Amino acid sequence: MGILLSIIRYLGSETDDQENNNFPESSRKWQNGTCSAQSEEMKYLTFSVPNLRYSSSSLAHTNVNDKIIKSSAVFTEENTSRNVCRRERIGMASSEGNEKEKEERQVMINCTVAPPEGRWIKHYSSCHRILLVGEGDFSFSTCLAKAFGWASNMIATSFNSEDFLVKNYQNALPNIVELGIRKCKVMHEIDATKMANHEFLGGIKFDRIIFNFPFAGFFKNLSSDAMLRRHRRLVSLFLKNAKEMITENGEIHISHKTNGVHLEWKLESLASSHGLRLIEAVDFKLHHYPGYNTKRGFGGDDNFNCYPSKTYKFGLKCSIAIINSA
């Protein structure tokens, strides 16, 4: 517990409620459909670590060592395309440290101010309200968060429990901590086939809803046709829910393999049955998302081969009529 206490002292002692009261109005405007940069002062001063509810015994049980926790607690801003600076602030001397702190703090502020159009990584911007579902070890959402620098525009969810993730994926806990530091909301046990009725998520409209490589699992006693029906039903119910949760010009993204039996899922047909149209399908390249690991959804820490794959982008059919009438 000593290391956890030192992390908390390093990141600040204010509670989330206190931080929310201190945040300027602009920091919360993404919920109302606008994107504004947060106060530079608040961006740096109000980090906290949520969900660190583990006792020393439970940390030992899940084989999470001090090295992982320490590395997760160091706040880094990484964006190679924009040369975003990196900062590590541990163990500074009190006298010299104060001056160095001020200088480094100003550098951090200068490096974390996003341009008016936001920061981009492939199809995703820091100005988008983003919902991610079916996250494995949360490495994809962590990749986006690092690219944006600040991820209060994101909600990352998993179908599995937090305990399951920590026990099965070595990098799950460090990624969850990293997301918390960057102010991404992390939620567990979220069913993508029922999320439109969720008491919290159902009241938000998103610009992007992302489901990478949906898969309904392996069932030895089922025939290949029965398995295909399970996979298609999962995607169909996800699309039905996601449609109710996107903005007028929002997009639903599904990354999916494009060989063998995967072609029989017929994503475009499923989307059309729910009043959605295919905007485009673009090749998915793993190297476009540094740090992303394609984890299997039912345990095991191995990565699966995601090639060849495409990202399918779906939008509301009614938006076509709106564009044509303009």
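Cut-off values and rules
- Residues numbered from 1 in each chain as written.
- Predicted model: local features only at pLDDT ≥ 70, side-chain atom pairs only at ≥ 80, totals over all residues.
- Heavy atoms only, no water.
- Pairing = 2+ DSSP bridges.
- Helix = DSSP H or I, 4+ residues; strand = E, 2+ residues; numbered from the N terminus.
- Axes fitted to C-alpha atoms, helices over the stretch in contact; angles between N-to-C directions.
- Contact = heavy atoms within 4.5 Å.
- Salt bridge = Lys/Arg side-chain N within 4 Å of Asp/Glu carboxyl O.
- Buried < 20%, exposed > 50% of the residue type's maximum accessible area, 1.4 Å probe, protein only.
- Lys, Arg positive; Asp, Glu negative; His and termini not counted.
- Polar contact = N/O pair within 3.5 Å; in protein donor to acceptor, adjacent residues only side chain to side chain.
- Phe/Tyr/Trp six-rings, centres within 6.5 Å; stacked < 30°, edge-to-face > 60°.
- Lys NZ or Arg CZ within 6 Å of the ring centre and 35° of its normal.
- Core = buried A, V, L, I, M, F, W, Y, C linked by side-chain atoms within 4.5 Å.
- Left-handed = near helix turned anticlockwise from the far one by under 90°.
- Nonpolar A, V, L, I, M, F, W, Y, C, P; charged D, E, K, R; others polar.

Looking at an unreviewed UniProt entry, one finds the protein chain named 25S rRNA (uridine-N(3))-methyltransferase BMT5-like domain-containing protein and attributed to Rehmannia glutinosa.

Caption draft 1: Representation of the sheet that holds strand E8 (residues 276–283) within the structure. Strand order in the open sheet formed by 7 strands is E5-E4-E3-E6-E7-E9-E8, and the pairing between neighbours is mixed. Each edge of the open sheet carries a strand with a single partner, namely strand E5 (185–187) and E8. Along the sheet, successive strands turn relative to each other by an average axial angle of 20 degrees, direction set aside. By the bridge criterion, 6 bridges tie strand E6 (residues 206–212) to strand E7 (residues 246–257) in an arrangement that is parallel. Residue pairing across strands places Arg208 opposite Glu251, the latter belonging to E7. Where helix H7 (residues 139–148) meets the sheet, its contacts fall on strand E3 (130–133), strand E4 (154–157) and E6, and the angle it forms with E4 comes to roughly 165 degrees. Where helix H10 (residues 224–243) meets the sheet, it contacts E3, E6, E7, E8 and strand E9 (309–316), and its direction lies at approximately 160 degrees from that of E7.

Caption draft 2: The pattern of salt bridges, seen in detail. The final tally for this structure, using the stated rule, is 6 salt bridges. One salt bridge connects Asp283 with Lys310, and the closest N-O pair in it is separated by 2.8 Å. Here Asp283, found in strand E8, pairs with Lys310, found in strand E9; they are 27 residues apart in sequence, far enough to count as distant. Classification of Asp283 by relative accessible area gives partly exposed; the value is 46%. With a relative accessible area of 26%, Lys310 lands in the partly exposed category. Residues Lys295 and Asp301 are paired through a salt bridge, measuring 3.0 Å at the closest nitrogen-oxygen approach. The exposure class of Asp301 is partly exposed, given its relative accessible area of 31%.

Caption draft 3: Region of the structure containing the side chain of Asp137. When you line up the elements, Asp137 lands in the loop between E3 and H7. Although buried, Asp137 forms no salt bridge, and the nearest oppositely charged side chain, Lys295, lies 4.6 Å from it. Of the polar contacts made by the side chain of Asp137, one reaches the side chain of Ser139; its length is 2.7 Å.

Caption draft 4: Structural context of the pairing of E9. Most of E9 sits inside the fold, with 7 of its 8 residues counted as buried. Strand direction decides the pairing type here: E7 and E9, joined by 6 bridges, are antiparallel. Following the sheet pairing, Lys257 is matched in E9 by Ser309. As paired elements, E8 and E9 share 7 bridges and run antiparallel to each other.

Caption draft 5: The arrangement of the packing of aromatic side chains in detail. Evaluation of the coordinates by the stated rule reveals 8 aromatic pairs. Summarising the aromatic geometry, the rings of Tyr124 and Phe140 are spaced 6.3 Å apart at their centres and angled 85 degrees between planes, so their arrangement reads as edge-to-face. Separated by 16 residues along the polypeptide, Tyr124 in strand E2 (residues 124–125) and Phe140 in helix H7 bring together distant segments of the chain. With relative accessibility at 1%, the residue Phe140 sits in the buried group. A centroid spacing of 5.0 Å and a plane angle of 80 degrees characterise the contact between Phe211 and Phe238, whose relative ring orientation is edge-to-face. Here Phe211 is found in strand E6, whereas its partner Phe238 is found in helix H10, with 27 residues between them in sequence. A relative accessible area of 7% means that Phe211 is categorised as buried. Take Phe238: its relative accessible area is 1%, and that puts it in the buried class. The structure contains a cluster of three or more aromatic residues connected by ring pairs, namely Tyr124, Phe140, Phe213, Phe284, Tyr289 and Tyr292. It is Lys185 that lies over the ring of Phe200; its NZ or CZ is 5.3 Å from the centre.

Caption draft 6: Expanded view of the nonpolar core. Of all hydrophobic cores here, the largest spans 32 residues; its most connected members are Leu131, Met195, Ile209, Phe238, Leu239 and Phe314. Contributions of two or more residues to this core are made by E3, E6, H10, E7, helix H11 (267–272) and E9. Discounting residues that sit within four places of it in the chain, Met195 has contacts with Leu131, Val133, Ile190, Leu201, Gly202, Ile209, Phe238, Asn241, Ala242 and Met245. Of all hydrophobic cores here, the second largest spans 28 residues; its members include Phe140, Ile210, Phe284 and Tyr292.

Caption draft 7: Local environment of the packing of H7 against helix H9 (residues 172–181). Direction vectors running N to C along H7 and H9 enclose 35 degrees, while the axes themselves pass 9 Å from each other. Crossing angle aside, the handedness with which H7 passes H9 is left-handed. Contacts from Ser139, Ser141, Thr142, Ala145 and Lys146 in H7 reach Asn175, Glu178 and Leu179 in H9. A class-by-class count of the residues in the contact of H7 with H9 yields 2 nonpolar, 4 polar and 2 charged.

Caption draft 8: Molecular detail of the side chain of Asn175. When you line up the elements, Asn175 lands in helix H9. Here Asn175 falls in the buried class, since its relative accessible area comes to 13%.

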